[in-house]
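# Summary of the model geometry
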Amino acid sequence: MFLGNDTVEIKNGRLFIDGYDAIELAEKFGTPLYVMSEEQIKINYNKYIEAFKRWEEETGKEFIVAYAYKANANLAITRLLAKLGCGADVVSGGELYIAKLSNVPSEKIVFNGNCKTKEEIIMGIEANIRAFNVDSISELILINETAKELGETANVAFRINPNVNPKTHPKISTGLKKNKFGLDVESGLALKAIKMALEMENVNVVGVHCHIGSQLTDISPFVEATEKVMEFVVKLKEEGIEVRDVNLGGGLGVPYYKDKEIPTQKDLADAIINTMLKYKDKVEMPNLILEPGRSLVATAGYLLGKVHHIKETPVTKWVMIDAGMNDMMRPAMYEAYHHIINCKVKDEKEKVSVAGGLCESSDVFGRDRELDKVEVGDILAIFDVGAYGISMANNYNARGRPRMVLTSKKGVFLIREKETYADLIAKDIVPPHLL
Ligand SMILES: Cc1ncc(COP(=O)(O)O)c(C=O)c1O
Ligand SMILES: N[C@@H](CCCC[NH3+])C(=O)O
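As a convention, each chain's residues are numbered from 1 in the sequence order in which they are written. Here chains are named by letter from A upward and ligands by number from 1 upward, in the order in which they appear as written. Whole-chain, interface and lining totals are the exception, using all residues; otherwise, since this is a predicted model, local features are given only for residues with pLDDT of at least 70 and side-chain atom pairs are given and counted only at 80 or more. Where side-chain values are given, they derive from all heavy atoms of the structure, hydrogens and water being excluded.

Moving on to the overall build of the protein chain. Numbering of helices and strands runs from the N terminus, with a helix taken as a DSSP run of H or I at least four residues long and a strand as a DSSP run of E at least two residues long. Counting its regular elements, the protein chain contains 12 helices and 21 strands. Atoms considered for the radius of gyration are the C-alpha atoms alone. The globule rule reads 2.2 Å times the number of residues to the power 0.38. A compact globule built from 435 residues should have a C-alpha radius of gyration of about 22 Å, and the protein chain, at 23 Å, falls within 12% of that. Along the three orthogonal principal directions, the C-alpha set of the protein chain runs to about 70 × 60 × 45 Å. Classification of the 435 residues of the protein chain by burial places 57% in the buried group. By the convention used here, residues are in contact when the closest approach between their heavy atoms is within 4.5 Å. Contacts in the protein chain between residues far apart in sequence, at least 24 positions, make up 70% of those at least 6 positions apart. Within the protein chain, the 62 negative side-chain charges are centred at a point lying 1 Å from the centre of the 55 positive side-chain charges. Buried means the residue's accessible area, taken with a 1.4 Å probe over protein chains only, is under 20% of the maximum for its type, while exposed means over 50%, and partly exposed covers the values in between. The positive count covers Lys and Arg only, the negative count covers Asp and Glu only, and His and the chain ends enter neither. Each charge is placed at NZ for Lys, CZ for Arg, CG for Asp and CD for Glu.

Attention now goes to unusual backbone geometry. With an omega of -5 degrees, the peptide bond running from Thr31 to Pro32 counts as cis. Phi angles above zero are rare outside glycine, and Asn128 is one such case at about 55 degrees. Assignment of secondary structure puts Asn128 in the loop between α5 (118–126) and β8 (131–134). If you check the backbone angles, Gln215 has positive phi at about 55 degrees while not being a glycine. In this fold, Gln215 is placed in the loop between β11 (203–209) and α8 (220–238).

This part takes up the side chain of Arg159. Following the sequence through the fold, Arg159 ends up in strand β9 (residues 154–161). In the sections that follow, a salt bridge refers to a side-chain nitrogen of Lys or Arg positioned within 4 Å of a carboxyl oxygen of Asp or Glu. One buried charged residue, Arg159, forms no salt bridge at all, with the nearest opposite charge on Asp135 at 4.3 Å. If we skip the residues at most four places from it in the chain, Arg159 touches Asn112, Val134, Asp135, Thr174, Phe181, Gly182, Leu183, His209 and His211.

As a further point, take the site of ligand 1. The nearness test applies per residue and asks whether one of its heavy atoms lies within 4 Å of the molecule or strand. Among the 15 residues in the neighbourhood of ligand 1, the closest are listed as His211, Ser214, Glu291, Arg294 and Tyr388. Within the contact set of ligand 1, an oxygen atom lies 3.4 Å away from a side-chain nitrogen or oxygen of Lys70. Residues adjacent in sequence count toward polar contacts only when both atoms are side-chain atoms; beyond that, a polar contact is any pair of N or O atoms within 3.5 Å, and within protein one must be able to donate a hydrogen and the other to accept it. Between a nitrogen atom of ligand 1 and a side-chain N or O atom of Asp89, the distance comes to 3.2 Å. Areas reported here follow the Shrake-Rupley algorithm with a probe of radius 1.4 Å; residue values treat only the protein chains shown as occluding. Burial of ligand 1 by the protein chains amounts to 93% of its free accessible area of 390 Å². Asp, Glu, Lys and Arg are counted as charged, while Ala, Val, Leu, Ile, Met, Phe, Trp, Tyr, Cys and Pro are counted as nonpolar; the rest, among them Gly, fall into the polar class. Looking at the shell around ligand 1 residue by residue, the classes come out as 3 nonpolar, 7 polar and 5 charged.

The next point concerns the site of ligand 2. Around ligand 2, a shell composed of Lys70, Ile172, Ser214, Arg294, Arg330, Tyr334, Tyr388 and Met392 is seen. Within the contact set of ligand 2, an oxygen atom lies 2.7 Å away from a side-chain nitrogen or oxygen of Arg294. Within the side chain of Arg330, a nitrogen or oxygen atom sits 2.7 Å from an oxygen atom of ligand 2. In isolation ligand 2 exposes 310 Å². Once the protein is present, 85% of that is buried. For the shell around ligand 2, a count of residues per class yields 4 nonpolar, 1 polar and 3 charged.

Relative orientation of the contacting elements α5 and helix α6 (residues 137–150) amounts to 60 degrees, with a least axis distance of 10 Å. Comparing their axes, α6 and α5 come out oblique. For the pair α5 and α6, the sense of crossing is right-handed. In this structure, α5 contributes Lys118, Ile121, Ile122, Ile125 and Glu126 to the contact, and α6 contributes Leu142, Ile143, Thr146, Ala147, Glu149 and Leu150. Class assignment of the residues belonging to the contact of α5 with α6 gives a composition of 7 nonpolar, 1 polar and 3 charged. Helix axes are fitted to C-alpha atoms over the stretch in contact, other axes to C-alpha atoms as well, and angles between N-to-C directions run from 0 to 180 degrees. In what follows, roughly perpendicular refers to angles from 65 to 115 degrees, roughly parallel to angles under 35, roughly antiparallel to angles over 145, and oblique to any angle outside these ranges. Here a crossing is taken to be left-handed if its near helix is turned anticlockwise relative to the far helix by less than a right angle, and right-handed if that turn runs clockwise.

Right, here's the structure in full:
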């Protein structure tokens, strides 16, 4: 059976993750259960470092991977990446807090987002981060004012909106004119913002940023975006403005469909580096930053769910598992495809639809999937849930978020405890007259 990911295999008719029997993990830790493979995360990170080594060799400038915490900000995962040398792309005070707890060096932290609050800006300035990726003139003014109050200078890069079609799901496109992100280039808004910043006393202009979308499975939009960014950098040079960093965001897709090949980190590196080098006679090459989230952690994650009921209707054979859309909402939210297998190989195959137990018709992980014959008690594995799985999980239907374990060469570790019923109401307050 082709599984696609590097650190899983079928052995003795059962699924093994990083060498551990998935069914045994489910029995030991209970279900639903997130399993994250440390070895796969290391492989994914090293693929970036290997692929972009050429940038440092050919330009003498830095290459920085700033992991997009929104993909999965579990402390064990962020610490693992920080230990590997990875930076952090944060989009909230909460994520910055986690980056600091993970010992990410301040010069490897960038702060994104289109609605940074004053409190968050203070946190970023106090943490002396590499750059705020400024999303509006209003935000620039607030950063400058805040830095002034603190007697500091804040580093700012400018998120441009290059109006590039990323050819991905419309809900995860970010760099089109109609999207809320970034400063429009064509109308002159981005240049206007940078010129304003140069007149300000408490900001230091350090770079240009862009991010066009997520789960990109075609390299050409990356090339188009890189060209737009570099043309803008050339324009800035003509205006006498030098840029230290170019940050091209995240977005590289992962092979959710196991039968389709998609571009690799190497393909991405070749495309970006070759495009940037075309401008080397016009501008000094900058440091290069990328903010991958999904492509670092998605393929490291599995959601194990136990089959509790099987129901045949005139049109569908339903398999009901104890994981639900509250644990992993990508299929419900984006109709995203995630590969699903029965962790126990059987002689017989059958077509089933796999559903969670929430009161929503969209709580379905996969429809009409060919699985090894499913019986009550079997454990199913939903693949590639390491990104935007637990980070988007919630308590809908008063369900606690599940446990998470990390598998690694050093053993299996519980890295997130299950939320209890008491946790569900821990923040609720009953007014005196209802006591
Ligand atoms: C600004 C920014 N950077 C990085 C990312 C991470 O993207 P991905 O997980 O697709 O690599 C996102 C998410 O789309 C983003 O909005
Ligand atoms: N949450 C999205 C990705 C959004 C990326 C952030 N702009 C997903 O699950 O695919």
